[in-house]
Structure formats: C-alpha cells, structure tokens
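Each chain, letter by letter, is given below.
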Amino acid sequence: LGESAKLLESAHNWYVIRAFLAVEEGDYLQASDLLDEARAVKHPSPAPDFAPIDLWETRFEIQRGRLEKAEKWADTVQLDEEKLVNSTFLILTLARLRLKQYKTEQPDSKLDEMIELLELLKQQLISKNQTGFIIEAELFLSKLYLTKKHFEKAAEKLIFALNQSEPQNQLYLFIALFNDYQEWLHKTIDSLPEAKWLLEAFETQQNNHQTAPLNNKSQNNNQTNRVTSLIEPLSGREVEVLQALKSDLSGPEIADSLFVSLNTLRTHTKNIYSKLDVNNRRAAIRKALELNL
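Residues numbered from 1 in each chain as written. Predicted model: local features only at pLDDT ≥ 70, side-chain atom pairs only at ≥ 80, totals over all residues. Heavy atoms only, no water.

Colleague: Go over the overall build of the protein chain, please, and point to the residues and values.
Modeller: Each helix and strand in the protein chain was counted, giving 15 helices and zero strands. By the burial criterion, 41% of the 293 residues in the protein chain qualify as buried. When contacts within the protein chain are restricted to residue pairs at least 6 apart in sequence, long-range pairs at least 24 apart make up 66% of them. Accessible area for the protein chain stands at about 17200 Å²; split by element, carbon and sulfur atoms hold 51% of it. (Helix = DSSP H or I, 4+ residues; strand = E, 2+ residues; numbered from the N terminus. Buried < 20%, exposed > 50% of the residue type's maximum accessible area, 1.4 Å probe, protein only. Contact = heavy atoms within 4.5 Å. Areas by Shrake-Rupley, 256 points an atom, 1.4 Å probe, with all protein chains shown as cover.)

Colleague: Give a detailed account of the packing of helix α7 (residues 131-147) against helix α8 (residues 151-162), specifying residues and quantitative values.
Modeller: Two elements in contact, α7 and α8, have axes whose closest approach is 8 Å; the angle formed by their N-to-C orientations is 165°. Comparing the axis directions of α7 and α8 gives the class roughly antiparallel. Between α7 and α8 lies a crossing whose hand is left-handed. Here α7 contributes Ile-134, Ile-135, Glu-138, Leu-139, Leu-141, Ser-142, Tyr-145 and Leu-146 to the contact with α8, which in turn contributes Phe-151, Lys-153, Ala-154, Lys-157, Leu-158, Phe-160 and Ala-161. Looking at the contact of α7 with α8 residue by residue, the class counts come to 11 nonpolar, one polar and three charged. (Axes fitted to C-alpha atoms, helices over the stretch in contact; angles between N-to-C directions. Parallel < 35°, antiparallel > 145°, perpendicular 65-115°, else oblique. Left-handed = near helix turned anticlockwise from the far one by under 90°. Nonpolar A, V, L, I, M, F, W, Y, C, P; charged D, E, K, R; others polar.)

Colleague: Give me the packing of helix α2 (residues 28-41) against helix α15 (residues 281-290): which residues, what numbers.
Modeller: The geometry of α2 relative to α15 is characterised by a closest axis approach of 10 Å and an angle of 155° between their N-to-C directions. With respect to α15, the element α2 is oriented roughly antiparallel. Every pair of crossing elements has a handedness; the one defined by α2 and α15 is left-handed. Within the contact between the two elements, α2 uses Leu-29, Gln-30 and Asp-33 and α15 uses Arg-281, Arg-282, Ile-285 and Arg-286. Looking at the contact of α2 with α15 residue by residue, the class counts come to two nonpolar, one polar and four charged.

Colleague: Outline a negative patch on the surface, supporting the account with residue identities and numerical values.
Modeller: The grouping of Asp-80, Glu-81, Glu-82, Glu-113 and Glu-116 at the surface amounts to a negative patch. Relative to the helices and strands, Glu-116 resides in helix α6 (residues 108-128). (Patch = residues over 30% accessible without salt bridge, like charges linked within 9 Å, V, L, I, M, F, W, Y side chains within 5 Å. Salt bridge = Lys/Arg side-chain N within 4 Å of Asp/Glu carboxyl O. Lys, Arg positive; Asp, Glu negative; His and termini not counted. Charge placed at Lys NZ, Arg CZ, Asp CG, Glu CD.)

Colleague: Residue-level account of the packing of aromatic side chains, with values.
Modeller: Evaluation of the coordinates by the stated rule reveals seven aromatic pairs. Between Trp-56 and Phe-60 the ring centres are 6.0 Å apart and the planes differ by 45°, which places this aromatic pair in the tilted class. Of this pair, Trp-56 and Phe-60 are both found in helix α3 (residues 53-64), four residues apart, which corresponds to roughly one turn of the helix. Taken together through their ring pairs, the aromatic side chains of Phe-20, Trp-56, Phe-60, Phe-89 and Tyr-172 make up a single cluster. Here Arg-59 stacks its cationic end above the ring of Phe-89, 3.8 Å away from the centre of that ring. (Phe/Tyr/Trp six-rings, centres within 6.5 Å; stacked < 30°, edge-to-face > 60°. Lys NZ or Arg CZ within 6 Å of the ring centre and 35° of its normal.)

Colleague: Please provide a residue-by-residue account of α7, values included.
Modeller: Between its first and last C-alpha atoms α7 spans 24 Å; for 17 residues at 1.5 Å apiece the expected length is 24 Å, and the two agree. Within α7, 14 of the 17 residues are buried, leaving the element largely enclosed by the surrounding structure. (Expected span 1.5 Å × (residues − 1).)

Colleague: Any chance you could break down the pattern of salt bridges for me, citing the residues and the numbers?
Modeller: Pairing is possible between side chains of opposite charge, provided their charged atoms come close. Summed over the entire model, instances satisfying the criterion amount to 18 salt bridges. Here Glu-71 makes a salt bridge to Lys-110, at a shortest N to O gap of 3.5 Å. Remark: Lys-110 occurs in helix α6 and Glu-71 occurs in helix α4 (residues 67-75); sequence separation between them is 39 residues. On the accessibility criterion, Lys-110 (27% relative accessible area) is partly exposed. In this structure, the salt-bridge partner of Glu-138 is Lys-122, at a minimum N-O distance of 3.6 Å.

Colleague: How would you sum up α3? Please name residues and give values.
Modeller: Across its 12 residues, α3 extends 17 Å between first and last C-alpha, which sits within 8% of the 16 Å expected from 1.5 Å per residue. Residues of α3 that are buried: Ile-53, Leu-55, Trp-56, Thr-58, Arg-59, Phe-60, Glu-61 and Ile-62. After α3 finishes, the residue Gly-65 shows a positive phi value of roughly 90°.

Colleague: Outline the side chain of Glu-138, listing residues and values.
Modeller: Here Glu-138 lies in helix α7. A relative accessible area of 1% means that Glu-138 is categorised as buried. In this structure, Glu-138 is in contact with Lys-122, Lys-157, Phe-160 and Ala-161, ignoring residues within four places of it in sequence.

Colleague: Pulling in residues and values, what's your account of the environment of Ile-91?
Modeller: Mapped onto the fold, Ile-91 is located in helix α5 (residues 88-102). Considering only alpha carbons, one finds Ile-91 and Leu-121, 30 residues apart in sequence, at a separation of 8.4 Å. Every residue in contact with Ile-91, bar those within four places of it in the chain, is listed here: Leu-79, Leu-84, Met-114, Leu-117, Leu-118 and Leu-121.

Colleague: Break down the nonpolar core for me, with residues and values.
Modeller: Counting 63 residues, the largest nonpolar core has Leu-118, Leu-139, Leu-158, Phe-178 and Ile-189 as its most contacted members. The contacts of Leu-158, once residues within four sequence positions are left out, are Leu-139, Ser-142, Phe-174, Phe-178, Trp-184, Leu-185, Thr-188 and Ile-189. Listed in part, the 18 residues of the second largest apolar core include Ile-272, Leu-276, Ala-283 and Ala-288. (Core = buried A, V, L, I, M, F, W, Y, C linked by side-chain atoms within 4.5 Å.)

So, in structure tokens, the structure goes:
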C-alpha cells in the first residue's frame, strides 16, 4: 500500500496545480472551486504540510490584489528563526505580499524586515542544499533591493541566482518579478553568458506581445460575428447581471447589490445561460469574455 498511500496523500496537489493555472488565466472563480475540491480529496498525513491549501489561497488573494485579508494572515505569522526552512513556502508567500503592498502603502521598514528574514532563510536553505528554493529566495531578495533602488545589491542577488543549478526551472518567476525592469535587467546581465537563455526568453515574450495586436484584430472580428450570431441579445438588465456574475460575489450578494430578489436574479441568470448556450456561471463568464460583453 506504500505507493498507493502516497498517491492518495498527494491527490489534492493535482487540483492545486490546476487552480494555479486558473489564476494565471484570471479565472479566480474556477481557482476557488478547484481549491475546494483539493480540500475535499486531501487525506490526513502524519507528514508536515509545508504548502497547505489555505496558504495557496492566500497567494492567490495576493496575486489578485486583495491584500486586506492577506495582511490579517500575515499578522498571525509566527516563525522559529532556527527552523526557517520548514516555513519556506510561508516566507516566500509573505515576500509576495510585501512587494505587492509596497506599491500602495507599505513603509520601507517592512521591506527591510523582509530582506533580513529572506537572508536568514537563504543561509539555512544553502546548508540544506535546497537549490530551487535558494533561487527563489535570491530572486525575491533581488526584487526587494531593486524596489528600494539598491541596484548593486539587486544585481548581486540576481547573478547569484543565475549561477545556481538549473535556474531555467524558475523562468516563470524571473519574468514575473523583472518584467517591469527589463532595461535594468539588460544592463545588468547583458554580457553574462549564463544569462543568455533568460534574455532570449524576455525577447520572445516581447515579440509575442508585438504580434498580439494583429491577432487581436482577427479575434475581434470573430467576436463581432459571434455577438451578431446570438439568437436573442441580452437585455440591459441581463448585461448588468452578467457583469455581476464576473465578480466573486455570491448569488444573494449579487441580488442585494442590484436591489432585486433572489428569485428575480435566478430568472435573469437562467435567461442569460439560455441565450449564451451555457449551463453554469464559469461557462457564462468565459463566453462573455469571448464575446467581449
């Protein structure tokens, strides 16, 4: 039963990965549903859970920009500085929050605290030879120093990460953290042979963005054709309901926001599903995006 037990214990990870992909596509409703499914299939295990589902949910909230709830979580965080490795996923989640907050209201002091914590974590990760997390910690340190305009220190951290084993495995994080700093990135690593793959990845991404408008023009024409092909157009009220369905509000909350009864909302929703030829909320949202509604 050894292998079977392991599969059962990790079955929830399949849903977590799908939820992560849904978030990347901006489908937060689906991500939430998938995390609920992950919770439903998760089996108890005597092994410690270093990346719990609730912490994934917090990451998604941070990425979505819903920082108030994430900050309440951060206020409850307690760490054992002698065993930070056991809290690596948590600390890297906290780093995501601090960077996101800094764009609005976070004081420098919290960035300094985050840098100090990541430096301690990195030393413990090195002692455990956990290369993947070492790279991630260094990349966040680089971005934090860059945010504080400590350019030399940021460059030092970035180059250290590039010289670790298989940094290509963290390509997504390189792009996510430094996409807005490409000019600085090129100046910093343009002459480094070990950075050639990363610069090529950014160049590929930029080329894809440049060709996107041409593709979008064709897509917009297709969307226009789809809109005009609807058997019956949505009424003004149904359009309002459809826009509300794109939020994460529950049915009763949507009804309250539109000042209608729940039964009236259900009638509008049923009509919307019929006109869009779908049978659930997620499908309706996808169809609405396709039709540019």
